[in-house]
Every structure is written in structure tokens, then in C-alpha cells.
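# Observations on chain architecture
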Amino acid sequence: MKNTTLKALIFDVDGTLADTERDGHRVAFNAAFDEYGIDWHWDVELYGKLLAVTGGKERMRYCVTHFLGSDNLPENFDDLVPELHAAKTRHYTELLATGAIPLRPGVERLLNEARDLGFRLAVATTTTPENVTALFSHTLGEESLGWFEVIAAGDIVPAKKPAGDIYTYALNAMDLKPEQCLAFEDSRNGILSSQDANLTTLITVNGYTQDDDFTGAAIVLDNLGEPDQAFNVLAGDAHGHSMVDCELLTKIHQQHND
Ligand code: XBP
Ligand code: MG
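What counts and what doesn't
Residues numbered from 1 in each chain as written. Chains lettered and ligands numbered in written order. Predicted model: local features only at pLDDT ≥ 70, side-chain atom pairs only at ≥ 80, totals over all residues. Heavy atoms only, no water. Helix = DSSP H or I, 4+ residues; strand = E, 2+ residues; numbered from the N terminus. Buried < 20%, exposed > 50% of the residue type's maximum accessible area, 1.4 Å probe, protein only. Contact = heavy atoms within 4.5 Å. Areas by Shrake-Rupley, 256 points an atom, 1.4 Å probe, with all protein chains shown as cover. Lys, Arg positive; Asp, Glu negative; His and termini not counted. Charge placed at Lys NZ, Arg CZ, Asp CG, Glu CD. Phe/Tyr/Trp six-rings, centres within 6.5 Å; stacked < 30°, edge-to-face > 60°. Near = heavy atom within 4 Å. Polar contact = N/O pair within 3.5 Å; in protein donor to acceptor, adjacent residues only side chain to side chain. 1 Å grid on protein atoms, 1.4 Å probe; cavity = no way out; pocket = protein on both sides within 12 Å on 5 of 7 lines; lining within 4 Å. Sits in = over half its atoms within 2 Å of the grid points. Nonpolar A, V, L, I, M, F, W, Y, C, P; charged D, E, K, R; others polar. Domains from an automatic or database assignment. Pairing = 2+ DSSP bridges. Axes fitted to C-alpha atoms, helices over the stretch in contact; angles between N-to-C directions.

### Observations regarding the overall build of the protein
For the protein, the helix and strand inventory stands at 9 helices and 7 strands. In terms of overall dimensions, the protein has a C-alpha envelope of 60 × 35 × 35 Å along the principal axes. Of all 258 residues assigned to the protein, the portion counted as buried reaches 54%. When contacts within the protein are restricted to residue pairs at least 6 apart in sequence, those whose partners lie at least 24 apart make up 62%. Approximately 11,400 Å² of the protein is accessible, and the part contributed by carbon and sulfur atoms is 46%. Across the protein, the 19 positively charged side chains and the 41 negatively charged ones have centroids separated by 4 Å.

This is the structure in C-alpha cells:
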């Protein structure tokens with residue numbers, strides 16, 4: 001018989017734990033382009049289109065092939081991408097250190113409750129590991145890094161989301177089966193990845209992803225909610241709850257895994 005008791009919560013980072021893309025990653029990419037004398041500016045709208053591809057290095061290459069072309073780029077641009085990306089990571093982590101990007105509603109509350117109740121926690125993200133460390137350190141404090149049993153991030157698996165590899169990596173590292181976990185995502189590429197790893201998935205949308213196709217999600221919400229700020233349900237059954245807590249997660253998990 002399958003063991004389907006909920007044991008662990010696996011979180012995406014960008015867009016799910018914090019709204020990092022528009023005012024964080026995008027700004028850092030532009031700062032790196034300026035630093036290298038590259039005449040590019042990713043505005044809010046273009047950046048939304050570039051989010052079709054996960055991974056910052058992959059996104060820069062996609063921009064050349066699908067949007068801005070290679071005019072006015074250094075001849076060795078492709079070789080320069082890793083260096084440019086390292087500069088972007090530096091700008092991004094410096095920005096996080098200013099406290100510019102807070103966690104989304106309900107995130108800190110839910111993490112604390114889950115820890116109190118003994119749920120295991122993990123991260124599965126395409127972003128660079130330093131970015132995850134910086135986000136947690138500057139929002140929850142450095143000790144929060146120890147709350148997560150596995151931080152699966154960046155190039156640790158070659159195939160980034162929408163491939164399921166990063167979730168499978170986290171599951172293997174925790175020695176858990178998908179039916180013992182829940183995934184938290186914010187985007188189409190995210191849910192394709194978690195579903196590829198057979199995980200029941202809760203979605204909180206953001207400005208860039210509110211019109212994405214979340215077919216197959218257990219529930220789609222505008223955020224996790226707080227006691228004084230109810231979430232809005234965009235799809236699925238909230239079982240009469242107005243914020244995401246571990247009781248609701250257990251109900252959602254049971255509904256989809258029994
Ligand atoms: C996040 C990403 C990342 C970040 C930038 O997607 O695609 O590429 O935008 O991070 P998800 P890096 O939330 O689906 O994991 O520049 O470090 O790649
Ligand atoms: Mg995301």
C-alpha cells in the first residue's frame with residue numbers, strides 16, 4: 001500500500017516565496033548589461049516575454065535568438081554569458097541585501113507553522129543558489145537556511161523547469177515519494193515541472209503569471225493569505241479556509257492523493 005501521509009513541502013522561490021522577477025532579477029540583468037557596456041534594457045513588458053525561458057543564462061541567449069538580435073553585442077557574447085550572469089547575480093544579491101524584496105503574504109507564517117508541526121521543508125528552483133541564500137538571509141535571517149533540508153537550485157540539474165528534474169532531485173535527496181509531498185509554484189513552467197515529478201501543486205499567481213494555464217493544479221490562489229487578509233480562490237476548493245495553513249494543506253493533499 002502507498003504511504004500517502006503528507007510529510008514535506010517543496011517550494012519554488014521566484015514568484016512564489018517573493019515577487020523577485022520584475023523588481024529584482026530584471027533590474028539586476030539591466031545593471032549587468034550597463035556594467036558590460038551592452039546596449040540592452042529589459043523593460044517590464046519584454047521581461048514578461050523572456051520569462052518563457054527559465055534560467056538567467058538561458059534567458060539571455062533566448063533574448064538574442066528571439067528578440068533583440070546580436071547587433072551591437074560583443075562578438076564573443078555567447079562566451080561572455082557566464083561572466084555577465086555572475087555580474088547579474090552580484091547585482092541581484094546586493095539588491096536583496098537592501099531589503100528591497102519582501103516575502104509574499106503568508107509565506108513566513110506558513111513556514112513557521114509547518115516547522116512547528118514537524119513538516120519537512122525543501123526548495124526546488126531554477127535560480128542560482130546564492131540568490132536563494134540571499135533571499136532567506138535578508139528576509140527570515142541566516143538561521144532560516146537550516147530550516148530547509150534540501151535547497152535544490154540552479155545548474156544542479158542540467159534540464160531546468162519545465163523539466164521535472166529539479167523536483168525529482170529534491171525528492172531523491174529527501175528519500176520521499178511525490179505522494180508524500182506538496183509543491184508550491186507560481187508559473188506555467190513551474191507547474192509543468194512539479195507535475196512532471198508527479199507532485200500535487202498549489203499555485204499562488206503574481207502579475208506575470210496570473211493568465212498562465214494552471215490545468216491540473218490542486219488549487220490556484222492570489223496569495224497564501226494572512227489572518228487579516230483572506231486569499232482569493234481563482235480555481236479549486238479551499239475547503240472553507242481563508243488562508244493557507246497546514247490543516248488546509250493536509251485536506252488538499254488528501255483530496256489528491258487518496
Ligand atoms: C526562476 C527563473 C530564474 C530567475 C533568475 O524560475 O527562471 O532564472 O528568473 O535566476 P522558477 P538566475 O521560479 O520557475 O524557478 O538568473 O539565477 O537563473
Ligand atoms: Mg517561480
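### Digging into unusual backbone geometry
Here the bond from K161 into P162 is cis, since omega is 20 degrees, no more than 30 degrees from zero. Within the fold, P162 resides in the loop between β3 (150–153) and α7 (165–174). Here D175, not a glycine, exhibits a phi torsion of approximately 55 degrees, which is positive. Overall, D175 belongs to the exposed group, its relative accessible area being 69%.

### As for the packing of aromatic side chains
Across all of its chains, the model carries 12 aromatic pairs by this definition. Ring centres of F29 and W42 lie 4.8 Å apart, and the angle between their planes is 45 degrees; this geometry places the pair in the tilted category. You can see F29 sitting in helix α1 (residues 21–35) and its partner W42 sitting in the loop between α1 and α2 (44–50), a full 13 residues away along the chain. Exposure class is identical for F29 and W42. Each is buried. On the basis of an interplanar angle of 75 degrees and a centroid distance of 4.9 Å, the ring pair of F33 and W42 is categorised as edge-to-face. One exposure class covers both F33 and W42, and it is buried.

### As for the site of ligand 1
Taken together, 18 residues surround ligand 1, and among them G56, R59, H85, K88 and T128 come closest. Within the side chain of D12, a nitrogen or oxygen atom sits 2.8 Å from an oxygen atom of ligand 1. Judged by the proximity of its atoms to the pocket grid, ligand 1 belongs to the largest pocket. Of all the secondary structure elements, the ones that give two or more residues to the shell around ligand 1 are α1, α3 (56–68) and α4 (77–97). Take the shell around ligand 1: its biggest share by element is 3 residues, from α1. Here the shell around ligand 1 is built from residues that sort into 2 nonpolar, 10 polar and 6 charged. Taken together, domain 1 (8–19 + 103–257) and domain 2 (21–97) each give at least three residues to the shell around ligand 1, which thus spans both.

### A short note on the sheet that holds strand β6 (residues 219–221)
Paired through backbone hydrogen bonds, the strands of a sheet run either parallel or antiparallel to each other. Spatially, 7 strands are ordered β3-β2-β1-β4-β5-β6-β7 in an open sheet, and the strand pairing comes out mixed. Taken across any chain shown, the strands that pair with only one partner, and hence form the sheet edges, are β3 and β7 (233–236). Adjacent strand axes in the sheet meet at a mean angle of 15 degrees when their direction is disregarded. Note that strand β2 (residues 120–125) and β3 share 4 bridges and pair parallel. Bridged to T125 within β3 is A153. Lying over the sheet, helix α6 (residues 129–139) contacts β2 and β3, oriented at roughly 130 degrees with respect to β3. In this fold α7 packs onto β1 (8–11), β2, β3 and β4 (181–185), with an angle of close to 155 degrees to the strand it touches most, β3.

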